[in-house]
Amino acid sequence: MRTTHVPVPPPASDTEGTMESHPAPGGHSVRTRSQHQRRKRIVQAAAALASRGGVEAMQMRTVAERAGVALGTLYRYFPSKMDLVVAVVGEELDLLESSIERRPPGAATPSSRAVDVLMRATRGLMREPELADALIRSLIMAEVQTPFGDRMTGLLLRVSADGLSLEEASEEQTDLAGSLASVWVQELLEMLRGRRTYDQIQRRIETAAGRLLADI
């Protein structure tokens, strides 16, 4: 899992009023591609700011300026800062899932496959510890429901239970995978605070996974 912290191009003029106002043949796909690129640029700008100064640095006007879009355009894509945080986290999870699709965990037991995934996620996040700390703290303190927990739970179910989806899983299976995801988040926060080493986290995650996923 790598981070979304990449160099962001110097602000460019926001093209929303040009390309999208005069669609040519195939204009819908052009608009869609343009919108996707603009959204990605915004998310990258937000991640770059958060990696240097935490979520506090993700001021909406600053994000818009860095991404080269109008402030109103930014708010159309992301009505609040929390929406932007969720988008940055979502891109991190997309990268993790892509990594797992390219190189699935090969361990024999469900718990070992889950540990593989969680430690990959840990290594990826710790490449940008300030970004990781900012994102996870924001998600924990969020007053609105975010998809982070469900996506991590679903990912753990898929790798530990032979492709089982959230929709197919029993309530107990979902609770067990969700509990493991929660343990991982808390351990990651302890590591970010300097209270855990990587090896300590791995040992604790292995213990928790062995207990929680033994019969999944």
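Residues numbered from 1 in each chain as written. Predicted model: local features only at pLDDT ≥ 70, side-chain atom pairs only at ≥ 80, totals over all residues. Heavy atoms only, no water.

## Points about the overall build of the protein chain
Within the protein chain, the secondary structure is distributed over nine helices and zero strands. Along the protein chain, helices and strands appear, N-terminal first, in the series α-α-α-α-α-α-α-α-α. Each of the 216 residues in the protein chain was classed as buried or not, and the buried ones make up 45%. Excluding contacts between residues fewer than 6 apart, the proportion of contacts in the protein chain whose partners are at least 24 apart in sequence is 70%. Accessible area of the protein chain: about 11200 Å², with a carbon and sulfur share of 50%. (Helix = DSSP H or I, 4+ residues; strand = E, 2+ residues; numbered from the N terminus. Buried < 20%, exposed > 50% of the residue type's maximum accessible area, 1.4 Å probe, protein only. Contact = heavy atoms within 4.5 Å. Areas by Shrake-Rupley, 256 points an atom, 1.4 Å probe, with all protein chains shown as cover.)

## Things to note about the pattern of salt bridges
Tallying each qualifying case throughout the model produces 10 salt bridges. Note that Arg196 and Glu187 form a salt bridge whose closest N and O atoms lie 2.7 Å from each other. Neither Arg196 nor Glu187 differs from the other in exposure class; each is buried. Glu187 serves as the salt-bridge partner of Arg204, at 3.7 Å between the closest nitrogen and oxygen. Linking Arg204 in helix α9 (residues 198-212) with Glu187 in helix α8 (residues 171-192), this pair joins segments that are 17 residues apart in sequence. For Glu187, a relative accessible area of 9% corresponds to the buried category. (Salt bridge = Lys/Arg side-chain N within 4 Å of Asp/Glu carboxyl O.)

## What to know about the confidence of the model for the protein chain
Averaged over the protein chain, the pLDDT score is 83; the fraction of residues at 70 or greater is 84%. Low confidence marks residues 1-25, where pLDDT is under 50. Its contacts with residues over four positions away, or in another chain, come to 56 contacts. (pLDDT = per-residue confidence, 0-100.)

## A closer look at the environment of Gly68
On the secondary structure map, Gly68 appears in the loop between α2 (60-67) and α3 (71-77). The class of Gly68 is buried, set by a relative accessible area of 6%. Separated by 30 residues in the primary sequence, Gly68 and Arg38 have C-alpha atoms spaced 8.8 Å apart.

## Quick notes on the UniProt feature "DNA-binding region" (unreviewed entry) in the protein chain
According to UniProt, the positions carrying the feature "DNA-binding region" (unreviewed entry) are residues 59-78. Between the C-alpha atoms that bound residues 59-78 there is a distance of 12 Å. The span itself is 75% helix and 0% strand. (UniProt positions renumbered as here; feature names shortened; annotations may be inferred.)

## Examining the packing of helix α5 (residues 110-126) against α8
For the pair α5 and α8, the least separation of the axes is 11 Å and the interaxial angle reads 30°. The handedness of the crossing between α5 and α8 comes out as right-handed. Between α5 and α8, the residues in contact are Ala114, Leu118, Ala121, Thr122, Leu125 and Met126 and Leu180, Trp184, Leu188, Met191 and Leu192, respectively. A class-by-class count of the residues in the contact of α5 with α8 yields 10 nonpolar, one polar and no charged. (Axes fitted to C-alpha atoms, helices over the stretch in contact; angles between N-to-C directions. Left-handed = near helix turned anticlockwise from the far one by under 90°. Nonpolar A, V, L, I, M, F, W, Y, C, P; charged D, E, K, R; others polar.)

## Describing α8
With 22 residues, α8 extends 31 Å between its outermost C-alpha atoms, agreeing within 8% with the 32 Å of an ideal straight helix rising 1.5 Å per residue. What α8 keeps buried is the set Gln173, Ala177, Gly178, Leu180, Ala181, Trp184, Val185, Glu187, Leu188, Leu189, Glu190 and Met191. Once α8 ends, the next one or two residues include Gly194, with phi positive near 85°. (Expected span 1.5 Å × (residues − 1).)

## Quick word on a positive patch on the surface
A contiguous patch of positive charge on the surface is contributed by Arg102, Arg103, Arg123 and Arg127. Here Arg123 is to be found in helix α5. (Patch = residues over 30% accessible without salt bridge, like charges linked within 9 Å, V, L, I, M, F, W, Y side chains within 5 Å. Lys, Arg positive; Asp, Glu negative; His and termini not counted. Charge placed at Lys NZ, Arg CZ, Asp CG, Glu CD.)

## Some points on unusual backbone geometry
Here Asp162, not a glycine, exhibits a phi torsion of approximately 55°, which is positive. Within the secondary structure, Asp162 is located in the loop between α7 (148-160) and α8. By relative accessible area, Asp162 is classed as exposed at 73%.

## Regarding the nonpolar core
Among the nonpolar cores identified, the biggest contains 60 residues, and Val63 and Trp184 are the most heavily contacted of them. At the level of elements, α1 (27-53), α2, α4 (81-102), α5, α6 (129-141), α7, α8 and α9 are the ones that each hand at least two residues to this core. (Core = buried A, V, L, I, M, F, W, Y, C linked by side-chain atoms within 4.5 Å.)

## Considerations on the environment of Pro129
Position of Pro129 relative to the elements: it lies in helix α6. Sequence spacing of Pro129 and Arg193 is 64 residues, and the spatial spacing of their C-alpha atoms is 9.9 Å.

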